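Descriptive analysis of the structure
The chain contents come next:
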Amino acid sequence: MATQGLGLEITELRLGLPGGGPEKNEKKRMFSEIEGEGNSSNGHGKTQNKSQVVGWPPVCSYRKKNSFNGRETAKTYVKVSMDGAPFLRKIDLSAPGKGYSDLVMALEKLFGCFGIAEPMKDADSSEYVPIYEDKDGDWMLVGDVPWE
Amino acid sequence: MMNYFPDEVLEHVFDFLESHRDRNAVSLVCQSWYRVERFSREKVFIGNCYAISPERVIARFPRVRSLTLKGKPHFADFNLVPSDWGGFVLPWIEAMARSGVNLEELRLKRMVVSDESLELLARSFPNLRSLVLVSCEGFTTDGLAAIASNCRFLTELDLQENEVEDRRGQWLSCFPDSCTSLVSLNFACLKGEVNLAALERLVARNHNLRSLRLNHAVPLDALQKILMQAPQLVDLGTGSYVHDPDSDTYNKLKSAVQKCTSIRSLSGFLDVAPRCLPAIYPICLNLTSLNLSYASLIHNSELIKLIHHCSQLQRLWILDCIGDKGLGVVASTCKELQELRVFPSDIHGVGSAAVTEEGLVAISAGCPKLNSILYFCQQMTNAALITVAKNCPNFIRFRLCTLNPTIPDPVTMQPLDEGFGAIVQSCKGLKRLSLSGLLTDQVFLYIGMYAEQLEMLSVAFAGDSDKGMLYVLNGCKKLKKLEIRDSPFGNVALLADVGKYETMRSLWMSSCEVTLGACKTLAKKMPRLNVEVINENDLIDASSDDRQKVEKMYLYRTLVGPREDAPEFVWTL
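Residues numbered from 1 in each chain as written. Chains lettered and ligands numbered in written order. Predicted model: local features only at pLDDT ≥ 70, side-chain atom pairs only at ≥ 80, totals over all residues. Heavy atoms only, no water.

1. Here's the deal with the packing of aromatic side chains
What counts, and what does not: What counts as a ring pair is set by centres within 6.5 Å for rings of Phe, Tyr and Trp (its six-membered ring), and what kind of pair is set by the plane angle: stacked under 30 degrees, edge-to-face over 60, tilted for all other angles. Under the DSSP-based scheme used, a helix requires at least four consecutive residues in state H or I and a strand at least two consecutive residues in state E, with every element numbered from the N terminus. Accessibility here uses a 1.4 Å probe with only protein chains present; expressed as a share of the type maximum, an area under 20% marks a residue as buried, one over 50% as exposed, and anything in between as partly exposed. Cation placement over rings: the criterion is NZ of Lys or CZ of Arg within 6 Å of the ring centroid and within 35° of the ring normal.
Under the counting rule described, the total for this entry stands at 18 aromatic pairs over all chains. Their ring planes at 80° and their centres at 6.1 Å tell us that Tyr62 of chain A and Tyr294 of chain B sit as a pair that is edge-to-face. Here Tyr294 of chain B lies in the loop between β12 (289–291) and α12 (300–307) and Tyr62 of chain A lies in helix α1 (residues 61–66), a pairing that spans two chains. For the residue pair Tyr62 of chain A and Tyr294 of chain B, the accessibility class agrees, reading buried in each case. Through successive ring pairs, a cluster of aromatic residues spans Tyr50, Phe75, Phe78, Trp85, Trp508, Tyr554 and Tyr556 of chain B. When the ring centre of Phe343 of chain B is taken as origin, the NZ or CZ atom of Arg63 of chain A, which lies over that ring, is 3.5 Å away. Between the NZ or CZ atom of Arg38 of chain B and the centre of the ring of Phe39 of chain B, over which it lies, the distance is 4.3 Å.

Below, the structure written as structure tokens:
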């Protein structure tokens, strides 16, 4: 997933029929916090958003890197909607160890849409393959693009 | 009368002087005292490695055996200084090697240490006993292997919070079987595996080992075996502290710990299974120092249970997830507490876990011996600070950090000027102060008026005008280090008293209102200052307008002029 500039712009994930009209087509900014660490170009604008201030709070970089047991990385929560589901869910994509199979399993659990995980686990014996529509409108096989 | 004593007598008298400041003072009395002192000084402290050259240090103190060097400015800790700025130790080691200095001890802070430096160090000084590296970078475990292999009389290898590239070699195995002199070994900051069998054998044959801090890669079962071999330990840093509390290994750990009756200082717990904590309860009663600031996996309730056992604590480093209630428990349990550091557990400051002014007030009320505090908090009030000032007039170090740098007193919506004013007025021995929260020029008026012993001041997002900075420069006679970021201080303040900077070690100003022209003026007037403009984004060059603001300026007194190792983006005016 490409990041552009400081904001991570990504559409919501939508589970639905192909060609289904985009009811909510706004590109929404993800719930994410931007690390100020090492971002020297921030020195110029005194931003109001404290999470973008370089070197604040003044915790030394060694401590920053070695604390928080990995929780220090920006959490990237993404909204997920499924056609027909009464409410949306949120998934944290940045949790360590996550990958495509974790994602589809999480989707199965959250929406009860069983059946998408199986082709991930056992591609050969399954009749189905999981695919997704990317931002260009093309149908892509899940798994080609590295998770990062 | 002292002039009629032979030099040996003078030297013997000077031997009783511990601090380098006393020795510096003594050497100013007269020529003969200067001479005697310089030939007898064995421990040399250089607070800024660019203030003087290694050659001149060695020339003045030929019998130097112990050298302490500091490199980068303090704000380098917070990524405000680009990584190639400088602070290289190699020239110092080369100079000492060339001059045949009998170096026994080297202590470095915020310096760049290459493997080449470590290898040269190991080869050149057969009597090297002690190497302490704090917040350094640039070396790998290969450099450590060289130290381990060659320093036959090594007693201390202490690595604190360094950035070390772990080559996953066998550096620890490089300590020869003949190495039996170790007293202190701290490799907690290393990321990689060590040969556990070699570690156990090393501990077993070093009977004088008093301080041992393991890294994350040393599991609990290895810890248990190590403690069996070293019940004499005084300071322990655990590695990974995770195991099944119902296991045989854990039971063995419990009995090993019970034999370690000398442990007074405990740290580590980077990875921790809280149900294994009870094993350390027996040593808690004797602990004077406890560092749980990396133990983010210990829940509030377990922390509090642990603290209940620690009635002798003098120093406590902890995460803010302890909460105000937890700090209340500290206040009622740890009556001997002198130093407290409360670090943020959630760096992004969403901070529902954070502590508030309540915790600090509780500590101040319960711990009368408190003299040093570093406190990251969600909010602070003037009333709380005034109470703390009344309860604890003995602060030497007072560092407060509100997660929102410009937050006012949430009750009154006023700046925190009065609160900090109370601190400086009450704490007559205050040497170090870090400010935060909404602050006007008024707080600096108070600091200039009352903080007579202040040596180091850290300012961020504070003040209204040049007056603020001027109050400090005019008032704080003992000021050594001033570091300011994102504050509206400019040329008038910078140039008002240029002679002041020669009485100080250094001044850092970033994202302030100082212009290139003013920096040039200062540099021209004061040849014994290096005025460095740190110019990362190529914004300033020879053709730049003098009216342009300088993003980062670092100036320091020096006897040796502009440094030759400055990178391209550092411009010494």
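2. Some words on the pairing of strand β21 (residues 529–534) of chain B
All names here are of chain B. Spelled out, the test is: Only strands that DSSP links by at least two bridges are regarded as paired with each other.
With six of six residues buried, β21 lies mostly within the body of the structure. Burial along β21 is two-sided: the residues Leu529, Val531 and Val533 and Asn530, Glu532 and Ile534 are all buried. Bridge count for β21 against strand β22 (residues 552–557) is six bridges, and the pairing is antiparallel. Its bridge partner being in β22, Asn530 is matched across the sheet by Tyr556. As paired elements, β21 and strand β23 (residues 570–572) share three bridges and run antiparallel to each other. Bridged to Val533 within β23 is Trp571.

3. Observations concerning the pattern of salt bridges
Our working rule: Salt bridge, as used here, is a side-chain nitrogen of Lys or Arg placed within 4 Å of a carboxyl oxygen of Asp or Glu.
What the rule picks out here adds up to 30 salt bridges over all chains. Here Arg63 of chain A and Glu161 of chain B are joined by a salt bridge, their closest N and O atoms 4.0 Å apart. Residue Arg63 of chain A is located in helix α1, and its partner Glu161 of chain B is located in the loop between β6 (156–160) and β7 (163–165); the two belong to separate chains. For Glu161 of chain B, a relative accessible area of 24% corresponds to the partly exposed category. The closest approach of N and O atoms between Glu104 of chain B and Arg129 of chain B, which form a salt bridge, is 4.0 Å. Placement of Glu104 of chain B in the loop between α5 (90–98) and β3 (105–109) and of Arg129 of chain B in the loop between α6 (115–124) and β4 (130–134) is noted, with a sequence separation of 25 residues between them. Connected through shared salt-bridge partners, Glu11, Glu42, Arg63, Arg65, Glu104 and Arg129 of chain B make up one network.

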